[in-house]
Amino acid sequence: MARPRPGGPALAAALALVLAAGEAAACDRPEGWTGGARIAGDLWTAWWRSEPAAIPVGAHFSVRFHLCGPPAGRVRVRGWMPDHRHGMNYRPEVTLNGMSGTAEGLMFHMPGRWQLLLDIRGAAGGETLTAETVLE
Amino acid sequence: MLSGIAAPAAALDFTAGEQRRILRHGPWPPASRPDPSNRASGEPAAIAFGRALFFEPRLSVSGRVSCATCHRPDRAWTDGLPQSRGQRAVDRNAPALFNLRFNRWFGWDGAQDSLWAQNLRPLLDRREMGIGPGGAARLVRSDRQLSCGYRRAFGEAPGADDERIFVDLGKALAAFLETRVTGRTPFDDFRDALARGDAAGQARYPAAAKRGLRLFVGRGNCAFCHFGPAFTNSEFADAGVPHFIGPGRVDPGRHGGIRKLRRSRYTLLGRFNDDAGRSTAAGTRYVRLRQSNFGEFRVPGLRNAALTAPYMHAGSLATLADVALHYSTLDEERLHAGGERILRRLDLSARERADLVAFLETLTETAPRHGFVGKSGAVQCR
Ligand SMILES: [Cu+2]
């Protein structure tokens, strides 16, 4: 789900090593989860999954996430269609409980390429994590 | 493109990607269940009562306008006019009343979040019928047939609470209108033949319609908005249709719709929702108002579109050929002012526009079900 990174397999392998030594090891799949995907940023790493697991076109769904990194004060969840340059027609409501949270009321109202954006803010700074998915 | 010469047979074999997109427009009809926000949904007695109400002119102040004045069963449930006339003129086109049970929003601006709430709007609007809660409740209480129909539908005699009776009329009308689902079309037969891998079945679908379908799911980008079995994603978009109503007046479209929704007493978040769990209210709860909602209108479904001219929210386009020309010659500069880039000026040839129309015409039900519906809903009350 994470955006492919430039640099090819060699760099990817090197990165994987660095990550394995650092935060990646500190951000395992949350307990009790079977699916889900991981997005790594500079400050935070997030695990997220949608409910239902296959995101429907034109119907409401929710997202659960778990963050690793410094304490998060506020998380906003957005959707964006980069090819069409528009977002969602609904504003999801996020409940944050420590480093875990739920966003209710998302809807991807068209087929095509969508980004799921997590805007995270905390005392350590702010960062946007981006996952990408294609709906048919 | 394909203009001029006949397309080689191979050009009409859809790619795997095209086939997947085509299959998303079925199967038809889709599964459906009663509306949990309406305790009368699916109830035969309520359906019969709703049918009687639909043809009842006494629900208008003048005693001369019924729902069927603007939604004529013999005209595919619309009136054939660019903009409707009830007691006075209104500034929008009357939509055909079928496949409503699959909608999330109602009205061109989505100012209503349920079918029953939508049905109350003409009863409140003086230009349409305007009888209001008090007048409607008095009529139902005083008329033997109507009060009997009410009792059969809701299991109790009409009580003293005018507004409750009023909302229940919207719910009985909804129970009736939910039964209006369009029939199978040549497109559905083609789509199902594709799903089965039935070559003979696919061959029966006209070549022009196949070319139009390819444009629809491909270069035309139509299926981004006209998505799924009903050919609508049930959301809103700016399709580049002018929305001036008169000198200095514009129809705000979805922007006005969300604001009306938020002021309304009759929403899924209000006390008239029969579903205590509010299980269908997510759209109302999370909907978001933005500047770009100005000039957006609901994406209409396209089934039976060939029967429902004229087109667009104010009936500004007379024929499907005009619609194809509209998308072909869009003013991109105006359209992209809001930043969104889905629609492009397509510059279709005359042949391609005809193909698009040929495809849209195959969305017409083969055995007409839109026709006349008996007016008598009173029989059960003798
Ligand atoms: Cu889009």
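Shown above is the structure to which this text applies.
Thresholds applied
- Residues numbered from 1 in each chain as written.
- Chains lettered and ligands numbered in written order.
- Predicted model: local features only at pLDDT ≥ 70, side-chain atom pairs only at ≥ 80, totals over all residues.
- Heavy atoms only, no water.
- Helix = DSSP H or I, 4+ residues; strand = E, 2+ residues; numbered from the N terminus.
- Buried < 20%, exposed > 50% of the residue type's maximum accessible area, 1.4 Å probe, protein only.
- Contact = heavy atoms within 4.5 Å.
- Areas by Shrake-Rupley, 256 points an atom, 1.4 Å probe, with all protein chains shown as cover.
- Disulfide = S-S within 2.5 Å.
- Donors = N, O, S within 2.8 Å, 3.2 Å for Na, K, Ca; no water.
- Axes fitted to C-alpha atoms, helices over the stretch in contact; angles between N-to-C directions.
- Parallel < 35°, antiparallel > 145°, perpendicular 65-115°, else oblique.
- Left-handed = near helix turned anticlockwise from the far one by under 90°.
- 1 Å grid on protein atoms, 1.4 Å probe; cavity = no way out; pocket = protein on both sides within 12 Å on 5 of 7 lines; lining within 4 Å.
- Points joined across faces, edges and corners; volume = space filled by probe spheres on them.
- Nonpolar A, V, L, I, M, F, W, Y, C, P; charged D, E, K, R; others polar.
- Pairing = 2+ DSSP bridges.
- Salt bridge = Lys/Arg side-chain N within 4 Å of Asp/Glu carboxyl O.
- Polar contact = N/O pair within 3.5 Å; in protein donor to acceptor, adjacent residues only side chain to side chain.

Colleague: Quick one: what's the story with the overall build of chain B, residue by residue and with numbers?
Modeller: Each helix and strand in chain B was counted, giving 16 helices and four strands. Structurally, chain B occupies a C-alpha span of about 70 × 50 × 40 Å along its principal axes. Going through the 382 residues of chain B one by one, you find that 56% of them count as buried. Of the contacts made within chain B by residues no fewer than 6 positions apart, 72% connect residues no fewer than 24 positions apart.

Colleague: Tell me about the overall build of chain A, and name the residues and values.
Modeller: Within chain A, the regular secondary structure consists of two helices and nine strands. Counting from the amino terminus, helix and strand elements in chain A follow one another as α-α-β-β-β-β-β-β-β-β-β. Among the 136 residues that make up chain A, the fraction classed as buried is 43%. Total accessible area on chain A is roughly 6700 Å²; 55% of this is exposed by carbon and sulfur atoms.

Colleague: How would you explain the state of the cysteines if you had to name every residue and give the values?
Modeller: In total, this model carries one disulfide over all chains according to the counting rule given. Paired through a disulfide, C27(A) and C68(A) show a sulfur-sulfur distance of 2.1 Å. A torsion of 80° about the S-S bond marks the disulfide between C27(A) and C68(A) as right-handed. Note that C27(A) is positioned in the loop between α2 (23-26) and β1 (37-40) and C68(A) in strand β3 (residues 60-68), a separation of 41 residues in sequence. C222(B) carries a free sulfur, and the closest cysteine sulfur to it, the one in C225(B), is 8.9 Å from it. Classification of C225(B) as buried rests on a relative accessible area of 15%.

Colleague: Tell me about the coordination of the copper ion, residues and numbers included.
Modeller: Residues and elements named next belong to chain A. On the protein side, the copper ion has M81 (SD), H84 (ND1), H86 (NE2) and M110 (SD) as donor atoms, found 2.0 to 2.4 Å from it. All donors of the copper ion belong to a single chain; written as a sequence motif, their spacing is M-x2-H-x1-H-x23-M. Owing to a relative accessible area of 6%, H84 belongs among the buried residues under this scheme. Among the residues examined, H86 registers a relative accessible area of 4% and is labelled buried.

Colleague: I'd like a rundown of the packing of helix α14 (residues 320-328) of chain B against helix α16 (residues 350-361) of chain B, residues and numbers included.
Modeller: Residues and elements named next belong to chain B. Their axes nearest at 9 Å, the elements α14 and α16 cross at an angle of 130°. Of the possible angle classes, the one that applies to α14 and α16 is oblique. Relative to α16, the crossing made by α14 is right-handed. Where α14 approaches α16, its residues L320, A321, A324, L325 and S328 are matched on the opposing element by R353, L356, V357, L360 and E361.

Colleague: Break down the layout of surface pockets for me, with residues and values.
Modeller: All names here are of chain B. Quantified by volume, the second largest pocket comes out at close to 1100 Å³. Residue lining of the second largest pocket: 40 residues in total, with R101, F102, N103, R104 and S234 positioned closest to the centre. In terms of residue count, the dominant contributor to the lining of the second largest pocket is helix α13 (residues 282-286) (three residues). Classifying every residue of the lining of the second largest pocket gives 18 nonpolar, 15 polar and seven charged.

Colleague: Kindly report on empty space enclosed by the protein, identifying the contributing residues and their values.
Modeller: Using the criterion set out here, one finds one cavity of 30 Å³ or more in the structure. Taken as a whole, the largest cavity encloses approximately 40 Å³ of empty space. Lining the largest cavity are N89(A), E235(B), F236(B), R254(B), I258(B), V287(B), R288(B), R290(B), N293(B) and E296(B). When grouped by side-chain class, the residues that make up the lining of the largest cavity number three nonpolar, two polar and five charged.

Colleague: Can you explain unusual backbone geometry? Please cite residues and give values.
Modeller: All names here are of chain B. Cis geometry marks the peptide bond from G26 to P27, where omega comes out at -5°. Relative to the assigned elements, P27 resides in the loop between α1 (16-23) and α2 (44-54). A cis amide bond, omega -5°, links A309 with the succeeding residue P310. Relative to the helices and strands, P310 is located in the loop between β4 (297-298) and α14. Even without glycine at this site, N304 takes up a positive phi of about 60°. Relative to the assigned elements, N304 resides in the loop between β4 and α14. Phi is positive for D347, which is not a glycine, with a value near 45°. Along the chain, D347 falls in the loop between α15 (332-335) and α16.

Colleague: Help me get a handle on α14(B), residues and values and all.
Modeller: Taken together, the buried positions of α14(B) are occupied by L320(B), V323(B), A324(B), H326(B), Y327(B) and S328(B). Contacts from the buried residues of α14(B) go to α16 of chain B.

Colleague: Which residues make up the pairing of β3(A), and what values do they have?
Modeller: Inspection of the sheet shows strand β2 (residues 45-51) of chain A paired to β3(A) by seven bridges, in the antiparallel sense. Opposite W47(A), over in β3(A), you have H66(A) as the bridge partner.

Colleague: Any chance you could break down the interface of chain B and chain A for me, citing the residues and the numbers?
Modeller: The figure often quoted for interface size is the accessible area lost as the parts come together. Contact with chain B, which involves 21 residues of that partner, is made by 21 residues of chain A. There are one salt bridge connecting chain B and chain A. Linking chain B with chain A are 13 residue pairs in polar contact (both at pLDDT 80 or more), by the criterion used here. The residue inventory of the side of chain B that touches chain A, partitioned by class, reads 10 nonpolar, three polar and eight charged.

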